[in-house]
Amino acid sequence: MRVLDRVSDLGAGREDSRDERLRHGTLIFASVLIALISLIWVATYFAYGYPMSAAIPALYQLTTLVGLVVLARTRRFGVFRTTQLLAFLVLPALLQASLGGFVASSAMILWAIFTPLAALALQGLRRSVVWLVAFLAELVVLALLDPRLCRTRRRSRRAS
């Protein structure tokens, strides 16, 4: 709890309630934790010869680091929150596409369900609906693209 309190100070404004500070701290802590865990994904994809796939979690790490620096300097939590929610939404889709679709990526897109759930906790029901609709739209687009992604993956495996 102490760590969460200290982390929440990073994006806290003077007028923020204890609840808001806790929500801010939780997102910051989760973002840092995901960035650290994604080191494993970067190393694994790179070791298996997927540099494009390795670059996607590396991009998340960079986005989070820059976001935290900007947050510490500006105290504008809304910018950090939106950037993180976009990263949670978009990057799993890009990773799934880079790996060749639902089966080849083990349905990596399912990680993006965290987006509307985090938005619900951070922004409330009304504002989280937009994130849920965006997730569902992304899921439909990936389902429509899946046959093409699978073919592209097969072709690239044959070429190597």
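For the structure, see preceding data.
Residue numbers here run from 1 along each chain, matching the order of that chain's written sequence. A pLDDT threshold of at least 70 governs which residues receive local features in this predicted model, and a stricter bar of 80 or more applies before side-chain atom pairs are shown or counted, although totals over entire chains, interfaces and linings include all residues. Where side-chain values are given, they derive from all heavy atoms of the structure, hydrogens and water being excluded.

### Some words on a positive patch on the surface
Okay, step 1: A cluster of basic residues, Arg-148, Arg-151, Arg-154 and Arg-155, forms a positive patch on the protein surface.
Okay, step 2: Mapping Arg-154 onto the fold places it in helix α6 (residues 125–159). Residues qualify for a patch when their relative accessible area is over 30% and they have no salt bridge, like charges being joined within 9 Å and the nonpolar side chains of Val, Leu, Ile, Met, Phe, Trp and Tyr within 5 Å. Accessible surface area values rest on a Shrake-Rupley calculation with a 1.4 Å probe, where residue burial reflects the displayed protein chains alone. For this document, the term salt bridge refers to a Lys or Arg side-chain nitrogen within 4 Å of an Asp or Glu carboxyl oxygen. The charged-residue count follows a simple rule in which Lys and Arg add positive charge and Asp and Glu add negative charge, with His and chain termini not counted at all. Here the site of a charge means NZ on Lys, CZ on Arg, CG on Asp, or CD on Glu. By the criteria applied, helices consist of DSSP H or I runs no shorter than four residues and strands consist of E runs no shorter than two, each listed in order from the N terminus.

### Here's the deal with helix α3 (residues 51–74)
Each full turn of the α-helix corresponds to 3.6 residues, which orients residues three or four apart in the same direction.
Okay, step 1: Expected helix span is taken as 1.5 Å per residue step, with the number of steps being one fewer than the number of residues. Taking 1.5 Å of rise per residue, 24 residues should cover 34 Å, and α3 covers 34 Å from first to last C-alpha, within 8% of that figure.
Okay, step 2: Think of it in three bands: residues with accessible area under 20% of the maximum for their type are buried, residues over 50% are exposed, and the middle band is partly exposed, with areas taken using a 1.4 Å probe on protein chains only. Ser-53, Ala-54, Ile-56, Pro-57, Tyr-60, Gln-61, Thr-64, Gly-67, Leu-68 and Leu-71 are the residues of α3 that are buried.
Okay, step 3: Downstream of α3 by a residue or two, Arg-75 has a phi angle that is positive, lying close to 65°.

### As for the packing of helix α2 (residues 18–47) against helix α4 (residues 77–99)
Okay, step 1: Axis lines are fitted through C-alpha atoms, for helices just across the contact stretch, and the angle between N-to-C directions can take any value from 0 to 180 degrees. Closest axis-to-axis distance for the α2/α4 pair is 11 Å, and the angle between their directions is 25°. The pairing of α2 with α4 is recorded here as roughly parallel in orientation. The crossing of α2 and α4 is left-handed. Residues His-24, Leu-27, Ile-28, Ser-31, Ile-34 and Tyr-45 of α2 form the contact with α4, whose own contacting residues are Phe-77, Phe-80, Arg-81, Gln-84, Phe-88, Leu-95 and Leu-99. Here roughly perpendicular refers to angles of 65 to 115 degrees, roughly parallel to angles under 35, roughly antiparallel to angles over 145, and oblique to all remaining angles. Note on convention: the crossing is left-handed when the near helix lies turned anticlockwise from the far helix by less than a right angle, right-handed when the turn is clockwise. Note on contacts: a residue pair qualifies if any of its non-hydrogen atoms lie within 4.5 Å across the two residues.

### Observations concerning the nonpolar core
Okay, step 1: Buried Ala, Val, Leu, Ile, Met, Phe, Trp, Tyr and Cys residues form a nonpolar core when they are joined through side-chain atoms within 4.5 Å. Within the largest apolar cluster, 30 residues are counted, with the highest numbers of intra-cluster contacts made by Ile-28 and Phe-80.
Okay, step 2: Secondary-structure elements contributing two or more residues to this core are α2, α3, α4, α5 (114–123) and α6.
Okay, step 3: The dominant element in this core, judged by the number of residues it contributes, is α4, at 10 residues.
Okay, step 4: In contact with Phe-80, not counting residues within four places along its chain, are Leu-27, Ile-28, Ser-31, Thr-64, Gly-67, Leu-68 and Leu-71.

### Thoughts on the environment of Ala-112
Okay, step 1: Mapped onto the secondary structure, Ala-112 falls in the loop between α4 and α5.
Okay, step 2: Of the residues examined, Ala-112 reaches a relative accessible area of 0% and is grouped as buried.
Okay, step 3: Each C-alpha atom, one on Ala-112 and one on Leu-89, is 4.9 Å from the other, the two residues being 23 residues apart in sequence.
Okay, step 4: Setting aside residues no more than four positions away along its own chain, Ala-112 makes contact with Phe-88, Leu-89, Pro-92, Phe-135 and Glu-138.

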